[in-house]
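# Overview (structure and organization)
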Amino acid sequence: MEGESEAVSPRKNTASTTSEFVSESGSLEEADASPDDEVDEMMSKRQKELSFLQRRAVHLAERPYLYFGVALLISLILSVIGMVVGEFTVSVDQTGWLSRGTMISERHAQYILSYHNREKLHQDETGEVWDDLLNNVQPGWESSVRRRLSANLDEHLDTQIETSDFYRKLQNARSSSVLANCDLSWYGKRMLGGRHLWPVGKVKDVAKDNDVLLNHETFLDLCHSEQKTQKFLEHNGLCFGCGGNGCLPPYSIIFYARLTVPNGLYSDCVTLAADWETYNVNNPDFRNGLYDCVDDLKTTYDFTRDGSTLPSTCSNHFAPTLIDTKFDASNPLTYTSSIFATKVDDDSIQLLFDNVHNFDKGTERIEAAYDTKREHFVQLEINRVLFTDMVLATGSAVITTIGIFVHTRSPLLSVIGLLQISLSFPLAYFVYTFVFHLTFFPFLNFIGVFILFALGADDIFVAVDKWKNARIKLGPDAETTEVAAQALPDAALSMLLTSLTTAVAFFGTAVCPVAPIFCFAVFCGLLISTTYVMCVLMVFPALCIYDKAATLTRKMKDIEEEAGEHNDPSFQAESFIRRQMSRFYELIHFYRYGLLFVILGVFALCTFFASRMEIPTSSDVRMLRPKNEFEKSNHWRQNLLIEELQKETGTSVFVMWGVKPADTGKHSDPSSFTQLVLDSSFQPSQTANQLYLLDFCERVFQMDFAEAIKNETCVMKQFDYWLQSQVDADQKDQVYMDYCNNATAVPVPPEDFDACMTNWSQEYKKDWVLSLDGQVAIMFLRFRGRVRYDSPFSKLKSEWHLIEDWFENERSHVAPPGVNQMYFTSDDYWWYDTSASMINTAYVGAGIAIAIAAFVIFITSLSFMLTLFSTIAISYVLLSVTAGLVALGWTMGFLEAICFSILIGISCDFVIHFTHAYALLPGDVDRSTRTKTAVVEMGPSILAAAFTTVAAAVIMLFTSLIFFVKFATILLSTIIQTTVASFLVFLVIADVFGPSKPASFVQALWSMVKGAEEASKSVDEESSRLSIVDESN
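Residues numbered from 1 in each chain as written. Predicted model: local features only at pLDDT ≥ 70, side-chain atom pairs only at ≥ 80, totals over all residues. Heavy atoms only, no water.

Keep this limit in mind: UniProt positions are given in the numbering used here, feature names are shortened, and annotations may be inferred rather than shown by experiment.
Looking at an unreviewed UniProt entry, the protein chain carries the name SSD domain-containing protein, with the source organism given as Fistulifera solaris. UniProt lists a comment for the protein chain under the heading Subcellular location (unreviewed entry), and it reads "Membrane". Turning to the protein chain, the UniProt record has this under Sequence similarities (unreviewed entry): "Belongs to the dispatched family."

Written out as structure tokens, the structure is:
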């Protein structure tokens, strides 16, 4: 029995009779038993033969409780400091989503500061306003550019509602119960202000041939629906216009009908529906006139030219808010809208949003979707669902926790793994706040929790599997210190490779000039770094504690020489997985050439379809799912004729002199804006400069990209007209006589220009020219552009370059010195710059991720071939994911670019694990053995990480925000394709072409270099010796 026992457990009593160590070749050897002093001497010798990392691992294994306790204490202290002293808060107000620090953004920053403060600057007699803007960084300013109308119809289009016939008809109805004591002036420009409740209705039961606008039943449904909503608004004091608690009727087809049919203002819905139908049957000219009006609006009406004067064929109480773009004699009405006279303060809008469920949504014939014109409900809905979505995204971490427990089969390792991942968040925030001095924490950073759990679990899987593999290899009786010496350095290096590439990929995304993306990139890079450090400091000691406990309780029973199976269920499961990985390798090895051919074909297809990824046709960004009521309201609103007319108006583009493009604030913090930076070279007083400024208006308006705005004249033209008017005036202005020296027109004598123009602008409140200390400092000009923020990206890009090229030619070749530093800007082009920056970030991030991964792989493997194989596999991931998104109909828009920027770093991890495992075997080992070892050693960890990440991503597919949904979709695609790339693309290529000695070529080159250096050194020494001999002779 004694001999049998020794056969079964040859390493029994290892601590007293044998000592296992790592030799220079990396193999494990045994030392025979010896007296204590000889044992100590031998142990000391063997200890010195260990590498630095192995000695640290042994030291950790000898004192795991000390290491764990110190790491936990320090991390808790730093976490508390970070979260409490750092005043952790999440910004959910969606600020900062515009580029900073780019040429376009710096131009617009100065425009915002100067133009929006022009009244204060113009009236600043003490210089305090100028001093504040010039010397102090101003608080953050957020442009609502995505939803602001650059050429608002509510500024210009009053739909003729205030014309005499209509107004007289309303005045005659004042005595009625319908409009008694009502403020009828609301039906005009105020009505189109954009903050009123403005539902859009989708007509499902369209009108027939003899119907006008709506059929009888649909008309009746709409009337009743409006009455129900109006009643609720009146009861809750949310509307106004008719004294007391009374409210003006909403402007809609119903109100249009009331104004059209006799006594319509006094009729109930049933009577009005019947009268409307009868009126249209008896008045065919009315129907034809309506069609003529619509045709003229679509064909001959030009907003810039005609302004508020609608075609003569349109009735006085008609507005393009009533019909959709396709409506005409041949196409029935499919979309319409109603504008309620609701209160417009923020509290009232919040109450409207809170009670939207009480508004009538219509019937099966016509459905209503509520919001304001400027989409206030969309913003409030985003804020509402943001927290629930973040909770759901965080809840996906539960899946990761379950995956950790299933993989480790140890409550201890699972709890400590969850603890170290959880602590990584506040530790990263500590560094984020106190080292990087970042104060803005956007809601996007919260996605870092998901990434943290996904990649943190990957580190845990790698550490646990490396330990188990070492334990299986060394046997159940090996000391914990021996296992640690072999497993921990290997695990640390393997984790470092993926953590380094992923962190650098995230840090590389910090080139993005959009604050939330910059902050997110930095924070995620810190999360990856801290979770790696915490895994080394907490999970490694936990593995030692777990292993010692397992050894003491003698859970291991049987030892198989090759598989090393025993009773510990976690090791049995590992052995089973290893066997499955071995079988998988045999399968791909048998079919490797056929698989290689398939991979090449798939790679070519992915490349083809990925190249078809397009830029979106609209630069507008939608954040809610299409089925959301407020999102439906926006989608349906785009079909209204008023929206089409609005888009045709283009954008307001501003030209500025006297300010330099600059943004002196903290670009990563939306609460920090900029100072005003004046252009000291601006000297408009010179004669040639005055003439150029005067002529500039005509020059720019002759270009196709610019159109004059109705009733608006350039400030230099106004100044010139005023001077000319003073020449023949019977009574000249006092300003003219005091400051203009009898100038008859522009140019004014240079010595009189500043005083004359400054005092003229003050007298007549011309705040488009601003003066400082009696000198003209800033001038503005505005023209109408042809594109808007929601125009196709390619159109925005080409238009910006067209205008910029013209201005660059003016600055370089036409404008005289002193007025040749002007530039143009607009909200729309700032948004274009933001979108372009995001798309460029995605491409730059992809390049950085691939380059860093290739560099890391080469440094660790010293193999050009493995670096090439890995780069091909990572490129396949990016191409296949992009091709899949093309198949889904996606375009490379703003949100898609953000998601790509986030996930590029993740695409490298699995491939790097296999590459490292392939190159890890020392010496000359055939490619088949290397490939099989890589699959068996790292396959279980990769599959576990892939499974938990995919499961968690599926949960995120059920969130409400499109951003989270798209993030989950791209993450799901990335993980699936990364798994395919690592298990098929890389392994098949390595199994067919992989080197047996990965580092041989680099080592040979290094030997050649060293040999050449030594030869050169020998030659130098020989030459020196001969020189000495010659001198002695």
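## Focus on the overall build of the protein chain
Applicable threshold: Per the convention used, a helix needs a DSSP run of H or I reaching at least four residues, while a strand needs a run of E reaching at least two, with both numbered from the N terminus. When accessible area is computed with a 1.4 Å probe and restricted to protein chains, residues below 20% of their type maximum are described as buried, those above 50% as exposed, and intermediate ones as partly exposed. In what follows, residue pairs with any heavy atoms lying within 4.5 Å of each other are defined as contacts. To be clear on the numbers: accessible area is Shrake-Rupley with a 1.4 Å probe, and residue cover counts the displayed protein chains and nothing else.
Scanning the protein chain from terminus to terminus reveals 37 helices and nine strands. Taken across its 1033 residues, the protein chain has 56% of its residues classed as buried. Counted over contacts in the protein chain with a minimum sequence separation of 6, partners at least 24 positions apart contribute 79%. In the structure as shown, the protein chain presents an accessible area of about 43700 Å², 56% of it carried by carbon and sulfur atoms.

## Thoughts on the packing of helix 19 (residues 447-474) against helix 36 (residues 962-993)
Selection criterion: Axis lines are fitted through C-alpha atoms, for helices just across the contact stretch, and the angle between N-to-C directions can take any value from 0 to 180 degrees. Just so you know how the angles are binned, under 35 degrees is roughly parallel, over 145 roughly antiparallel, 65 to 115 roughly perpendicular, and the rest oblique. The handedness criterion is simple: a crossing whose near helix is rotated anticlockwise from the far helix by less than a right angle is left-handed, and one whose near helix is rotated clockwise is right-handed.
Closest axis-to-axis distance for the helix 19/helix 36 pair is 12 Å, and the angle between their directions is 20°. As the angle between them shows, helix 19 and helix 36 are arranged roughly parallel. The chirality of how helix 19 crosses helix 36 is right-handed. Each of Ile447, Phe450 and Ile451 in helix 19 lies in contact with helix 36, whose residues at this interface are Phe963, Phe964, Phe967 and Leu971.

## Re the pairing of strand 3 (residues 200-203)
This is how it is decided: Between any two strands, at least two bridges found by DSSP are needed for them to pair.
With three bridges joining them, strand 3 and strand 4 (residues 335-337) adopt antiparallel strand pairing. Across the sheet, residue Lys202 finds its bridge partner in strand 4, namely Tyr335.

## With respect to the environment of Thr502
The following threshold applies: Polar contacts here mean pairs of N or O atoms no more than 3.5 Å apart (in protein, one a potential hydrogen donor and the other a potential acceptor; neighbouring residues in sequence count only if both atoms are side-chain atoms).
For Thr502, the position within the fold is in helix 20 (residues 480-509). Take Thr502: its relative accessible area is 1%, and that puts it in the buried class. Among the polar contacts made by the side chain of Thr502, one reaches the main-chain carbonyl oxygen of Thr498 at a distance of 2.8 Å.

## Description of the pairing of strand 8 (residues 775-785)
Judged by how many residues are buried, strand 8 sits mostly within the fold: 10 of 11 residues are covered. For strand 6 (residues 651-657) and strand 8, the ladder comprises seven bridges, and the chain directions are antiparallel. Bridge assignment links Ser652 to a residue of strand 8, and that residue is Arg784. For strand 7 (residues 769-772) and strand 8, the ladder comprises four bridges, and the chain directions are antiparallel. Its bridge partner lying in strand 8, Leu772 is registered against Gln775. The antiparallel hairpin formed by strand 7 and strand 8 contains two residues in its connecting segment, where Asp773 sits at a positive phi of about 55°.

## Some remarks on the sheet that holds strand 4
To summarise the sheet geometry, strands pair through backbone hydrogen bonds and adopt either a parallel or an antiparallel arrangement. Ordered in space as 4-3-5, the three strands form an open sheet in which the pairing is antiparallel. At either margin of the open sheet sits one strand with a lone partner, and together these are strand 4 and strand 5 (366-369). Taking the axes of each pair of neighbouring strands and ignoring which way they run, one obtains an average angle of 25° across the sheet. With four bridges joining them, strand 3 and strand 5 adopt antiparallel strand pairing. Of the residues in strand 5, the one forming a bridge with Gly201 is Ala368.

## A few points about the packing of helix 35 (residues 927-956) against helix 36
Put simply, the test is: Lys, Arg, Asp and Glu make up the charged group, whereas Ala, Val, Leu, Ile, Met, Phe, Trp, Tyr, Cys and Pro make up the nonpolar group; the residues left over, Gly among them, are polar.
With their axes 10 Å apart at the nearest point, helix 35 and helix 36 run at an angle of 170° to one another. Here helix 36 runs roughly antiparallel to helix 35, going by the angle between their axes. Each residue belonging to the contact of helix 35 with helix 36 can be placed in one class, and the counts come to 21 nonpolar, six polar and two charged.

## Re the pattern of salt bridges
Opposite charge on two side chains lets them pair, provided their charged atoms get close. Threshold: Salt bridges are defined by distance alone: a side-chain nitrogen of Lys or Arg within 4 Å of a carboxyl oxygen of Asp or Glu.
What the rule picks out here adds up to 21 salt bridges. One salt bridge in this structure joins Lys632 and Glu367, with 2.7 Å as the shortest N-O distance. Of this pair, Lys632 sits in helix 24 (residues 629-637) while Glu367 sits in strand 5, and the two are 265 residues apart along the sequence. For the salt bridge of Glu804 with Arg811, the shortest nitrogen-to-oxygen distance reads 2.8 Å. Residues Glu804 and Arg811 agree in their burial class; the two are buried.

## Focus on a nonpolar patch on the surface
We apply this condition: Patch construction takes residues with relative accessible area above 30% that form no salt bridge. Like charges are linked within 9 Å, and nonpolar side chains (Val, Leu, Ile, Met, Phe, Trp, Tyr) are linked within 5 Å.
There is a patch of nonpolar side chains on the surface, built from Leu73, Ile77, Val80, Ile81, Val84, Val85, Phe434, Val435 and Phe436 and spanning about 790 Å² of accessible area. When residues in the nonpolar patch are grouped by element, the largest group, six residues, is from helix 5 (residues 64-85). One can find Phe436 in the loop between helix 18 (411-434) and helix 19. A residue is classified by how much of its surface remains accessible, and Phe436, at 39% relative accessible area, is partly exposed.

## A few points about the state of the cysteines
Using the following cut-off: Defined by distance alone, a disulfide is two cysteine sulfur atoms within 2.5 Å.
Summed over the entire model, instances satisfying the criterion amount to six disulfides. For Cys182, the disulfide goes to Cys242, at an S-S distance of 1.8 Å. Judged by the torsion about the S-S bond (105°), the Cys182/Cys242 disulfide is right-handed. One end of the pair, Cys182, is in the loop between helix 10 (164-172) and strand 3; the other, Cys242, is in the loop between helix 11 (216-235) and helix 12 (253-260), with 60 residues separating them in the sequence. Classification of Cys182 as buried rests on a relative accessible area of 3%. Owing to a relative accessible area of 12%, Cys242 belongs among the buried residues under this scheme. A disulfide bridge connects Cys293 with Cys314, and the sulfur atoms are separated by 1.9 Å. On the sign convention where negative means left-handed, the S-S torsion of about 90° between Cys293 and Cys314 marks this disulfide as right-handed. In this pair, Cys293 sits in helix 14 (residues 284-299) while Cys314 sits in the loop between helix 15 (303-306) and strand 4, placing the two residues 21 residues apart along the sequence.

## A few points about the packing of aromatic side chains
Our working definition: For Phe, Tyr and Trp, where Trp contributes only its six-membered ring, two rings pair if their centres lie within 6.5 Å, and the inter-plane angle classes them as stacked under 30 degrees, edge-to-face over 60, or tilted in between. In this scheme, Lys NZ or Arg CZ marks a charge over a ring once it lies within 6 Å of the ring centre and within 35 degrees of the ring normal.
Tallied over the entire structure, the rule returns 61 aromatic pairs. Considering the side-chain rings of Trp276 and Phe286, the 5.9 Å spacing of their centres and the 85° angle between planes classify their relative orientation as edge-to-face. Remark: Phe286 occurs in helix 14 and Trp276 occurs in helix 13 (residues 269-282); sequence separation between them is 10 residues. The burial state of Trp276 is the same as that of Phe286; both residues are buried. With a centroid separation of 5.7 Å and an interplanar angle of 75°, the aromatic rings of Phe584 and Phe983 are classed as edge-to-face. Separated by 399 residues along the polypeptide, Phe584 in helix 22 (residues 569-590) and Phe983 in helix 36 bring together distant segments of the chain. Geometry around Phe824 places Arg107 over its ring, the cationic atom sitting 5.8 Å from the centre.

## So, the sheet that holds strand 7
What the four strands build is an open sheet, ordered 7-8-6-9; its pairing is antiparallel. This sheet does not close on itself; its edge strands, each paired only once, are strand 7 and strand 9 (823-825). Across the sheet, the mean angle separating the axes of adjacent strands is 25° when strand polarity is ignored. Those strands touched by helix 29 (residues 750-763) are strand 7 and strand 8, and its axis lies near 60° from that of strand 8.

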